[in-house]
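Observations on the model geometry
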Amino acid sequence: MEEERAKLEKMYQELNEEDTDIKKWNQALIPKAILLFPPVAFALTFLKINTDKSILDLLGFIAMGGLLVTGGIFLNYFLSKGK
């Protein structure tokens, strides 16, 4: 019990001694741009091709796709849970 307590205290001291670097919002802009480019490009092309559609239609389309993917994940989980 004392050994575990000593290990925990040692870990706690090591964690407190480390300097935590807080990144500014403008650091690593290129990875952020790479992550944001596909959704923005999809939204713009969706609205450009479907000129009669609105932003709500786009959000509904994305939500429906998300629900289908989520449903598939849960279905896979529940079917494989019994094995």
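Residues numbered from 1 in each chain as written. Predicted model: local features only at pLDDT ≥ 70, side-chain atom pairs only at ≥ 80, totals over all residues. Heavy atoms only, no water.

1. Focus: the packing of aromatic side chains
Under the definition given, this model contains 5 aromatic pairs. Seen in terms of ring centroids, Phe-42 and Phe-61 are 6.1 Å apart; in terms of plane orientation they differ by 20 degrees. Their pairing is stacked. Residue Phe-42 is found in helix H2 (residues 29–49), and its partner Phe-61 is found in helix H3 (residues 55–81); the two are separated by 19 residues along the sequence. Relative accessible area serves as the criterion here: at 35%, Phe-42 is assigned to the partly exposed category. On the basis of relative accessibility, which here comes to 48%, the residue Phe-61 falls in the partly exposed class. For the ring pair Phe-46 and Phe-61, a centre distance of 5.5 Å and an interplane angle of 20 degrees mean the geometry is stacked. Placement of the pair is Phe-46 in helix H2 and Phe-61 in helix H3, with a sequence separation of 15 residues. Grouping aromatic residues by their ring pairs yields a cluster made of Phe-42, Phe-46 and Phe-61. (Phe/Tyr/Trp six-rings, centres within 6.5 Å; stacked < 30°, edge-to-face > 60°. Helix = DSSP H or I, 4+ residues; strand = E, 2+ residues; numbered from the N terminus. Buried < 20%, exposed > 50% of the residue type's maximum accessible area, 1.4 Å probe, protein only.)

2. Digging into the environment of Phe-37
Looking at the secondary structure, you find Phe-37 in helix H2. Spatially, the C-alpha atoms of Phe-37 and Asn-50 are 20 Å apart, while their sequence positions differ by 13 residues.

3. A word on helix H1 (residues 2–17)
For H1, built from 16 residues, the straight-helix expectation of 22 Å at 1.5 Å per residue is met to within 8% by its first-to-last C-alpha distance of 22 Å. Across the 16 residues that make up H1, only a small minority, 0, are buried. (Expected span 1.5 Å × (residues − 1).)

4. Structural notes on the packing of H2 against H3
The N-to-C vectors of H2 and H3 enclose an angle of 125 degrees; their axes lie 10 Å apart at closest approach. Between H2 and H3, the interaxial angle falls into the category oblique. Between H2 and H3 the crossing geometry is right-handed. Facing Phe-42, Ala-43, Phe-46 and Leu-47 of H2, the residues of H3 in contact are Ile-55, Leu-58, Phe-61 and Ile-62. Along the lines of polarity and charge, the residues of the contact of H2 with H3 split into 8 nonpolar, no polar and no charged. (Axes fitted to C-alpha atoms, helices over the stretch in contact; angles between N-to-C directions. Parallel < 35°, antiparallel > 145°, perpendicular 65-115°, else oblique. Left-handed = near helix turned anticlockwise from the far one by under 90°. Contact = heavy atoms within 4.5 Å. Nonpolar A, V, L, I, M, F, W, Y, C, P; charged D, E, K, R; others polar.)

5. A word on the confidence of the model for the protein chain
Residues at a pLDDT of 70 or more form 92% of the protein chain, whose mean pLDDT is 84. H3 holds the highest mean pLDDT among the elements of the protein chain, 90, whereas H1 holds the lowest, 83. (pLDDT = per-residue confidence, 0-100.)

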